[in-house]
Amino acid sequence: MSAKANIRWTLWFFLTPVVLWLFLLIVLPHLDLLYMSFRAENDWGDMTWSLANYKEFFTEPIYWNTFLRTALFAILVTAITFVIAMPVAFYITKVARPNQSAFLMTLLLMPFWVSELVRVYGWMILLRESGVINHFLMKTGLIKVPIEMLYNDVTMVMGLVYTSMLFMVIPIISVLDSLDNSLIEAAYDLGGNMWSILRKIIIPHCIPGIMSGAIVVFMLTLGNYLTPNLMGGKNSLWFTEQIYNQFIASFNWNMGAAFGFLLLLLSSMIIWLGLKLTNQKLSKVVQ
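On a predicted model such as this, the values are computed, not experimentally measured, just so you know. Within every chain, residues take consecutive numbers counted from 1 along the sequence as written. Residues qualify for local features only when their pLDDT is at least 70, as the model is predicted, and side-chain atom pairs are given and counted only at 80 or more; totals for whole chains, interfaces and linings, by contrast, use all residues. Just so you know, side-chain values use all the structure's heavy atoms and leave hydrogens and water out.

Turning to the UniProt feature "transmembrane region" (unreviewed entry) in the protein chain, a few remarks are in order. UniProt positions are given in the numbering used here, feature names are shortened, and annotations may be inferred rather than shown by experiment. Taken from the UniProt record, the annotation "transmembrane region" (unreviewed entry) applies to residues 12–31, 71–92, 104–126, 154–176, 197–222 and 255–275. Annotated as residues 104–126, this span is 74% helix and 0% strand, and its ends, taken at the C-alpha atoms, are 24 Å apart. The span residues 154–176 is 96% helix and 0% strand, and its two end C-alpha atoms sit 31 Å from each other. By definition, any uninterrupted DSSP run of H or I lasting at least four residues is a helix, any uninterrupted run of E lasting at least two residues is a strand, and each is numbered from the N terminus.

For the rest of this paragraph, the subject is helix α12 (residues 239–249). Side chains that are three or four residues apart share a direction in an α-helix, a result of its 3.6 residues per turn. Residue exposure (1.4 Å probe, protein chains only): buried if accessible area is under 20% of the type maximum, exposed if over 50%, otherwise partly exposed. Turning to α12, its buried residues number three or more, namely Phe239, Thr240, Gln242, Ile243, Gln246 and Phe247. Buried residues along α12 cover an arc of 160° about the axis, so they all sit on one side. Remark: Phe251 follows α12 within two positions and exhibits a positive phi of approximately 55°. The arc under discussion is defined with respect to the helix axis, by the directions toward the C-beta atoms.

Any two of the Phe, Tyr and Trp rings considered here, Trp counted by its six-membered ring, make a pair once their centres fall within 6.5 Å; the pair's planes then place it as stacked at under 30 degrees, edge-to-face at over 60, or tilted in between. Tallied over the full model, the rule gives 17 aromatic pairs. The interplanar angle of 35° and the centroid separation of 5.2 Å between the aromatic rings of Phe38 and Tyr54 together place this pair among those described as tilted. Pair noted here: Phe38 is in the loop between α1 (3–37) and β1 (39–41) and Tyr54 is in helix α2 (residues 52–59), with a separation of 16 residues, a long-range link. Taking the relative accessible area as the measure of exposure, Phe38 reaches 27% and is therefore partly exposed. Since its relative accessible area comes to 13%, Tyr54 is described here as buried. Measuring from ring centre to ring centre gives 6.4 Å for Phe57 and Phe67, while their planes differ by 70°; the resulting arrangement is edge-to-face. Taken together, the positions of Phe57 in helix α2 and Phe67 in helix α3 (residues 61–95) put the pair 10 residues apart, joining distant regions of the chain. Since its relative accessible area comes to 0%, Phe57 is described here as buried. The class of Phe67 is buried, set by a relative accessible area of 3%. Through successive ring pairs, a cluster of aromatic residues spans Phe57, Phe58, Tyr63, Trp64, Phe67, Phe239 and Phe259. For a Lys NZ or an Arg CZ to count as sitting over a ring, it must be within 6 Å of the ring centre and within 35 degrees of the ring normal. Above the plane of the ring of Trp49 lies Arg39, whose end atom (NZ or CZ) is 5.1 Å from the centre. Above the face of the Phe112 ring, Arg119 is positioned so that its terminal group lies 4.4 Å from the ring centre.

Structure representation (structure tokens):
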């Protein structure tokens, strides 16, 4: 057997499990959901081809407004996550000593060694009326009655930022590692200050990592169900809860499938717009 044939068979050997996994567990179920989204009951109770599921999304204000609210909060969470992650990544890569960087990276990773459910319940134990913070404030005499810190938009955003922080820090750290320290030193020698160096050297160099982290954080936040439901309460109005209600509560799988594909389509449009505004290509961002 020739060398080219060996390479070809080796390539197929490693690619086949990946292709089968993608097709059987991702492509095929999504095709089935897409088929279901175009099916609806007619007046006689029979399933027919229809756009009624998609039409209801645009005609019912609760669905459209909930999606807009979810998208805006996902963008806000992504922006807050970037503002926090950028200085953290810069300190780990450019300021801390190598042994300190390894320790700090371990601290970043440790919360993700447990499930998101445990981390969210940890915040709930801290913030609830009978929680640790209220107990401390009452013991010190700062407050006389417990404060309800849970079940509002501020707490929900805080929880979403916390659960997605690592996915913004890691891509920025990876691109900052490739930034030559001599460029920053030369900029300082030429009279640059912290803000000008950040704006003209560090941010432009980190744009691929920033966009990569922003895409991951945005998609994870947009599709999050657990954190908005537990920390936002009944009034969280998160779009994934609408999808859940259609599938589980109403047993309307056709409507739920349509909502799921609309979420995928509209979120992809937002990401495409973000890439266009930052003049980035998806192939470069995902490298």
